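# Per-entry structural report
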Amino acid sequence: MKARYLTTAAAAALALAGLATAANAAGKWDGGDDLATSPLECGMGPAAPAAPMKYDGGQPTNAADKAGKEIVVVDVPKLIGIGYFNATAKGIQDAAKDIGNVKAKTDGPTEAKIDEQIKFIDNYITSGVDGILFAANDPVAIAPVLKKALSKGIHVVGYDANSTPDAREWFVNQSPFNGIAKSMVDAMAKETGEDGSFAIVTSTFTTPNQARWIAEMQAYAAKCHPKLNWLETVEAQEDNNLSFNQATTLINKHGDKLKGIFGMTSVATPASAEAVTKAGQCGKVAVVGLATPNAMKPYVHSDCVKSVVLWNPIDLGYAATYVMRAAVDGKLKPGDTSVDAGKLGKLNVINGSEILLGAPYIFDKANIDKFDF
Amino acid sequence: MSAIPVPRLALPRAGIFRRFASQEALLALAVIGLAIAVGFVNPRFLAYRNLADILLGNAYIAIAAIGMSMVIISGNIDISVGALIGVLATVSGSLAVAGAPTLVAWIVPVVLGVLVMAAQGAVVAYLRIPAIVVTLGMMSILKGGLISVTGGKWITDLPQGFHLADLNLLGVPMPVAIMVVATALAALWMRYSASGRAIYATGGNAEAARLCGVNPQRTVVMVFALHGFFAGIATLVYATQLRVIQSTTPPGLELTVITAAVVGGVSILGGVGTVVGATLAAILIAEITSALVFVNISPYWTDSLRGGLILATVIADIVRRRRRASRGRRI
Amino acid sequence: MSVFAASPGRRVPKWLARHETLLAIILVAALAGLGAFNNRFLTVDNLLNQGRLMTEIGLIALPMTFVIITGGIDLSVGAIVGLSAVMLGYSWKTFGFPLPLAIAFALAVGGLAGFVNGFVITRVKVPPLIMTIATLALYRGLAEGVSQARSVRGYPEWFYGLGQGEWLGVPTQLLLLVVLIVIAGVALDRTTFGRTLYAIGSNETAARFSALDVDRTKVVIYTLSGLASGLAAVVLVSRVTTTRMDMGMGYELDVIAAVVLGGTSIFGGAGTIWGTVIGLVMIQLLKNGLALTGVKGDATIVVIGVALIMSTLIASSLQRRRE
């Protein structure tokens, strides 16, 4: 019996600790990180060009001169077997075909675990590839193994999720965090009205990109849509059914107060749309989020979801491969301001060592059927 | 308690029904008590719609836990069930999209589930490899194989008729109806049929079971086959609930199912337990997850509270069983 | 005692019939095969590097062997890795502990987490699987709550020596692992403590009647399991230079796979540290060798699954034939 009291006491203590932390963290949206934010200007105006920065990437030591020769490149995404990274892998293959002298292969862990990802990269360093493309599960944890690759003369280019800059040469940025945040929050404000209340369904609080977006969304909302009311953020892994259950719980908990749900992943957004549909709340609860078009088609066609925010992941993989080739050929050197990316044209260098893919893309009823990924 | 514990498996048989009843009662009490407590904080929790959604969204876990509890009662364990459900869902969805008749898309995964699990059961029973090794290996095979074959491509554009979970049976949503019927049938069968009792005998003491005329090997294969059957049924509910099928294995599902089975009062040493308890435990765990959102706990602390509550339930149950056991001994 | 020791070895020497020996033969054959395909596999550099990568799992596998020999199990090890890693970062950054103290604190928390497992398992008589499945959720949740899902970075340079440095060309943490393997092996093989573990696993009631302190032994091994998980967390943080609350997720299955592949019976009473080491090396090198030979990750997982079942099958059937 004593054990039961002990456990109850422990649970109570935990609850208190939880409440205390909640009080401490008041004023901060759950799931955001603590890094500095840089919200964009309100309204439609074009973003002011950022001040040019000095190159801050790393360089491979004693890389073999493979300019113009065939190179073997391996792509290690956060995880394999999800729609998003299937699309980037397709872009990489497309680019390899267009360029001609690149042999590319995608391989990685089946779950988004940084441990596993490090082992994959380590194995490919040993097996002797010419270049590594990566999307990091953790920006800092991945740095030692990438630096090891650079030290062995292997070219390293990131895309989708960055590492610390000195651990890779270039990073292809799909769209700056503040740009995505602006698109998402503007879309939400338009659908719910300026004083609507909304909640967020994210993957986990430790996923770096999602945490960054949430922090930037908060900063932008505070600046441009101050009356928007954030209710809460829930975690749902990358799990379809859990996302659906969590979104349903939000709808049931907040009732009429809930005017919108943000889906922060390509899993959470369609599952939230399904939850809204099943609850008969289409038109009353808006769903705005990052998602791939195929999974969203039914909801966009039924007018339950007005717009889906995403860059084109195929283009992202395509650009990363061109950047890799250009870095190997010496056509993209520290200090350059743009790079040629095949059918995508010229892409600009920003933030010292990042290549900007472009503005986020909005899928809606008119154009969603043109995409298949 | 004296220094020497009562071996759990040697409890007097006469008390078995009483112990079942109170085991289930404790969980039922926890389910209701939690609902009322959360209802005080936020009355919306008690809305019919919310309670129904909790059951609907988690029925597949409860159904899978039925088979899992049988496997554990027989003295084995299965770690491959999450991966298997992922594979079966993909097979079912692919068939439906390829234009197979709906009934085929529903039946094939169940049959496949029975076959895969029966094969594992045969390896466990006849080749005498521990179940944890076989099912751990099978989990790897299914997980890796699924991604190799599908590349993780989502299955979309499922035909309307495929969505079994959207149907109603006499006004009750299909997932809940299946959960209730499956639990009731399994519980009655476990309690009253000879082959059902053979599972307890095998798990309690395989050698003694053999002497009583039970074939432990055949029983283990049967248990795994049944587990495969319930995994197949769980897949139908799981796969037909949403408009897309992910073609990957649901992360950590095996652990959720095993947790439901053990919290349901199934002793991991085999021999004692109840499928009704497993279903109730699955509902309780789902209820806790939802309740923690309703009472405005900081989301950073929800996981530890869920762990704490599961631990509290388990300890309360063990303490209650132990007190009953020592009382039984005094008589 | 173990079933192996009881087997009559009239025609074949006893050591040849042991699971570990058979497994070692399978391992050597597999390595030779993979080495023939790829000249980068069997190099000193690669093998040492693989040793570095498998150290965390290896550290935890040692006490896990003890636990499984007694017929128990510990599923919470991965969660303890996460909790200890968070405690290391949190106490250093937020409490302002000097790093050596923070490391000691992380180890203490790991040991405490293991002690709580052992205490409740022996006092309240909660079966180990149930207890550790519950604390798996609890400890991981605590890691998330305490850290508020924030990472801790920017440790001083000297700290990375443990996870990234080397000593006489050998990775630092591999040396640590080797020392602990020897200690654990000797403790299991040559001491009363080791014999107590086998006695508990073979027949717990008999062990109690033989006046062995079963409960205290169990508390000790679960505490060791927590302590080793804490140590693995420190090594891991040092190797990857950052702290995350989701560190060690899924380790429990990797550790258990290594231990059972090494011939430790999940039913208790049999098993050795040497077997566990062979199991550990086998899984790590198989994954590495396949990757270097050009097999992709998803296919590698399938091969590992098949290897796990087949090698147990071959070893146990060969052994049965010889008996």
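Residues numbered from 1 in each chain as written. Chains lettered and ligands numbered in written order. Predicted model: local features only at pLDDT ≥ 70, side-chain atom pairs only at ≥ 80, totals over all residues.

As recorded by an unreviewed UniProt entry, chain C carries the name Autoinducer 2 import system permease protein LsrD and is attributed to Roseiarcus fermentans. Listed in UniProt under the heading Subunit (unreviewed entry), the comment for chain C reads: "The complex is composed of two ATP-binding proteins (LsrA), two transmembrane proteins (LsrC and LsrD) and a solute-binding protein (LsrB)." UniProt, in the comment section headed Subcellular location (unreviewed entry), describes chain C in these words: "Cell membrane". (UniProt positions renumbered as here; feature names shortened; annotations may be inferred.)

An unreviewed UniProt entry annotates chain A as Autoinducer 2-binding protein LsrB originating from Roseiarcus fermentans. Of the comments in the UniProt record for chain A, the one headed Sequence similarities (unreviewed entry) reads "Belongs to the bacterial solute-binding protein 2 family." Taken directly from UniProt, the Function (unreviewed entry) text for chain A runs: "Part of the ABC transporter complex LsrABCD involved in autoinducer 2 (AI-2) import. Binds AI-2 and delivers it to the LsrC and LsrD permeases."

### Re the overall build of chain C
The helix and strand inventory of chain C stands at 15 helices and four strands. Considered along the principal axes of its C-alpha atoms, chain C spans approximately 65 × 55 × 35 Å. In chain C, which comprises 323 residues, the share counted as buried stands at 59%. At a minimum sequence separation of 6, the contacts of chain C that also span at least 24 residues come to 78%. (Helix = DSSP H or I, 4+ residues; strand = E, 2+ residues; numbered from the N terminus. Buried ≥ 20, exposed ≤ 12 C-beta atoms within 10 Å, placed from the backbone. Contact = placed C-beta atoms within 7 Å.)

### Brief notes about the domain arrangement of chain A
Quoted interface sizes are often the accessible area lost when the parts come together. All names here are of chain A. According to the domain assignment, chain A consists of domain 1 (71–175 + 312–358) and domain 2 (177–310). Relative to domain 2, the C-alpha centre of domain 1 lies at a distance of 29 Å. Across the side of domain 1 that touches domain 2, the residue classes tally to six nonpolar, two polar and one charged. (Domains from an automatic or database assignment. Nonpolar A, V, L, I, M, F, W, Y, C, P; charged D, E, K, R; others polar.)

### Focus on the pairing of strand 12 (residues 346–350) of chain A
Residues and elements named next belong to chain A. Strand direction decides the pairing type here: strand 11 (residues 338–340) and strand 12, joined by three bridges, are antiparallel. Bridging from a neighbouring strand, Ser-338 pairs with Asn-348 of strand 12. The antiparallel hairpin formed by strand 11 and strand 12 contains five residues in its connecting segment, where Gly-342 sits at a positive phi of about 55°. Joining the antiparallel neighbours strand 12 and strand 13 (residues 354–356) is a turn of three residues, in which Asn-351 adopts a positive phi near 50°. (Pairing = 2+ DSSP bridges.)

### Overview of the interface of chain C and chain B
With 36 residues of chain C at the contact, the number on the chain B side is 42 residues. Mapped onto the side of chain C that touches chain B, the elements with two or more residues apiece are helix 7 (128–147), helix 11 (204–209), helix 13 (251–261) and helix 15 (297–322) of chain C. A breakdown of the residues in the side of chain C that touches chain B according to their chemical character gives 23 nonpolar, eight polar and five charged.

### Topic: the sheet that holds strand 14 (residues 361–363) of chain A
Whether parallel or antiparallel, the strands of a sheet pair through hydrogen bonds between backbone atoms. Residue and element names in this part refer to chain A. Strand order across the open sheet formed by six strands is 7-6-8-9-10-14, with mixed pairing between neighbours. On the outer flanks of this sheet lie strand 7 (229–235) and strand 14, each paired with one strand and no other. In this sheet, adjacent strand axes meet at a mean angle of 20° when their direction is disregarded. When strand 6 (residues 197–202) meets strand 7, the two strands line up parallel, connected through five bridges. Bridging from a neighbouring strand, Ile-200 pairs with Thr-233 of strand 7. (Axes fitted to C-alpha atoms, helices over the stretch in contact; angles between N-to-C directions.)

### Comments concerning the UniProt feature "transmembrane region" (unreviewed entry) in chain C
Under the present numbering, the feature "transmembrane region" (unreviewed entry) in UniProt falls on residues 21–37, 57–90, 97–120, 167–188, 219–241, 253–286 and 298–318 of chain C. For the annotated span residues 253–286 of chain C, helix accounts for 68% and strand for 0% of the residues, and the straight-line distance between the end C-alpha atoms is 17 Å.

### Details of the interface of chain C and chain A
Of the residues lining the interface, 27 residues belong to chain C; the matching set on chain A comes to 29 residues. Within the residue set of the side of chain C that touches chain A, elements represented by two or more residues are helix 4 (44–69), helix 14 (273–292) and helix 15 of chain C. Residue composition of the side of chain C that touches chain A, grouped by class: 10 nonpolar, 10 polar and seven charged.

### Digging into the confidence of the model for chain C
All names here are of chain C. Confidence along chain C averages 90 in pLDDT terms, with 94% of residues attaining 70 or more. Model confidence for chain C, summarised as mean pLDDT per element, is weakest for helix 1 (residues 3–6) at 40 and strongest for helix 12 (residues 214–240) at 97. Scored below 50 in pLDDT, residues 1–10 shows 14 contacts in the model against residues more than four places distant or in partner chains. Predicted complex, confidence summary: ipTM 0.88, pTM 0.89. (pLDDT = per-residue confidence, 0-100.)

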